[in-house]
Amino acid sequence: MDHKAEYIWLQNGRIALDAMLAAIKAATVSIRMEMYIFHTGATADEFRAALIAACQRGVKTRVLADGLGSYSLPDSFWNDFRVSGGEFRLFNPIKLSRMSIRDHRKILVCDEEVALIGGFNVASEYYGDGVKSGWRDLGMQVRGPLVRQLAEAFDEMFACADFKHKPFTRLRASERQRTFQAPDAELLLGAPGRNNPIKRALRHELRDVDDVRIMCAYFLPPWRMRRDLIRIARRGGRVQLILPQKSDVPFSRMAALSFYRRFLIAGVEIYEYEPQILHAKLFLFNDIVYVGSANLDSRSLNINYELSLRLSDARVARDARTIWERIKGRFAYWILARIDPYIALRQFE
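Below is a short write-up of the structure. (Residues numbered from 1 in each chain as written. Predicted model: local features only at pLDDT ≥ 70, side-chain atom pairs only at ≥ 80, totals over all residues. Heavy atoms only, no water.)

1. Concerning the overall build of the protein
Test applied: The secondary structure listing takes helices from DSSP runs of H or I that are at least 4 residues long and strands from runs of E that are at least 2 residues long, numbered from the N terminus. Partly exposed describes any residue whose relative accessible area lies between the buried limit of under 20% and the exposed limit of over 50%, with all areas from a 1.4 Å probe on protein chains only and scaled to the type maximum. For this analysis, residues touch if any pair of their heavy atoms sits within 4.5 Å. Shrake-Rupley sampling with a 1.4 Å probe provides the accessible areas, and residues are treated as covered by the protein chains on show and by no other component.
Scanning the protein for helices and strands turns up 10 helices and 15 strands. Among the 349 residues that make up the protein, the fraction classed as buried is 56%. Contacts in the protein between residues at least 24 apart in sequence constitute 78% of all its contacts with a sequence separation of at least 6. Accessible area of the protein: about 14,900 Å², with a carbon and sulfur share of 50%.

Here's what the structure looks like:
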């Protein structure tokens, strides 16, 4: 049964993971959990115990983890879960001929009443405030009509996760790239191939906005998006980027550095998040907010299965800006390509 839509920010990994555990413990009918990464450790053990307890009280419980993201997780980890009646599947078990296609979504749906989405995974490195400990991440708790759509999206992926019953090419079918509408919200489901709805929506946002704020872990946008960001800044709009100073994928950060000089010259503000690894994904375009699993890179926009929630709710946007300013204002950032090198580069133009 659909309830009035409700969107609650989960402002760091500890809050998000605690909210997930609370939802699992409160579930009475069904649990659907889809994660890119499920790593062994104290956090994973706590989730497994909660999932087993749910099975034992009669809750239909299913878990889907990505074969590459969760490659270090032994299959035996799920033995007690299976014995208790739970179902576990691995999406696209590692095989060289299809290594690239990954499920990068993070979804928890309980009783088709509440869903949690974001950038966080089930691993101990995500459990913290993002300042003193744990990676800096962000998520959202959702109630309302889109919860059912998230449940259906999980069911579809779970049904074909191991590719035993459907050809692999079916997973690249365009019908998996979908958009679901709700009042003041859209659920964008990206999949491998062209016409990705997340990429299409982001391009559309950049046409007319004059206030852009992007925070993401992996920043390698396609050239059209880079061009649009530069145009906005050159015509007097505000473009601010919060990017990682510490990254779990150093090559991604190194590649992104090649864009910064041109951005800075155009007037784009670039800040680095220093306290911990930045893993959050938050995009603000005037009063429109995007939150979910997708980064601004080719893998998220062309290859992975991803999800992004687009919100035009004024309160949600106001709260997102508060989160943004708190992160930007409270913690230590410093502009990439510092002032002296920047001035020197301009003199050689």
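Moving on from the coordinates now.
2. Thoughts on the pairing of strand β11 (residues 238-244)
For clarity, the cut-off: Note: two strands are recorded as paired if DSSP finds a minimum of 2 bridges between them. Convention used here: a crossover is right-handed provided that the path from the first strand, over the helix, to the second strand proceeds clockwise when the strands point away from the viewer.
The element β11 is largely enclosed, with a buried count of six among its seven residues. Note: strand β10 (residues 211-215) against β11, five bridges, orientation parallel. What sits directly across from V212, in β11, is V239. Remark: the β10/helix α6 (residues 223-234)/β11 crossover connection has right-handed handedness. Read as a crossover between parallel neighbours, the route from β11 over helix α7 (residues 250-266) to strand β12 (residues 269-273) is right-handed.

3. What to know about the nonpolar core
The condition that has to hold: Residues grouped as a nonpolar core are buried Ala, Val, Leu, Ile, Met, Phe, Trp, Tyr and Cys residues, joined through side-chain atoms within 4.5 Å.
Residues M20, M33 and F38 are the most contacted members of the largest nonpolar core, which totals 40 residues. Breaking this core down by element, the ones donating at least two residues are α1 (13-26), β2 (30-35), α2 (42-56), β3 (60-66), β5 (107-110) and β6 (114-118). The residues contacting M20, other than those within four sequence positions of it, are M33, M35, F47, L108, L116, F120 and V122. If you look at the next biggest cluster of nonpolar residues, it comprises 37 residues, including F180, A185, V289 and I327.

4. Description of the sheet that holds strand β1 (residues 6-10)
For clarity, the cut-off: Orientation is described by axes fitted as lines to C-alpha atoms, over the contacting stretch for helices, and by angles from 0 to 180 degrees between their N-to-C directions.
If you walk across this open sheet you meet the seven strands as β1-β7-β6-β5-β2-β3-β4, and the pairing is mixed. If you trace the sheet from one side to the other, it starts and ends with β1 and β4 (87-91), each paired once. The mean inter-strand angle of the sheet, taken between neighbouring strand axes irrespective of direction, is 15 degrees. Relative to β6, β5 runs antiparallel, the two sharing four bridges. Following the sheet pairing, I107 is matched in β6 by I117. Along the sheet face, helix α4 (residues 145-159) touches β1, β2, β3, β4, β5, β6 and β7 (139-143) and points at about 65 degrees away from the line of β3.

5. Some words on α6
As a reminder, the rule being used: A helix's residues, less one, multiplied by 1.5 Å, set its expected span.
When the terminal C-alpha atoms of α6 are compared, their 16 Å separation across 12 residues agrees well with the 16 Å that a helix rising 1.5 Å per residue should span. Residues of α6 that are buried include every one of M225, D228, L229, I230, I232 and A233, and no others. Where α6 is buried, its residues touch α5 (197-205), β10, β11, α7 and α8 (298-303).

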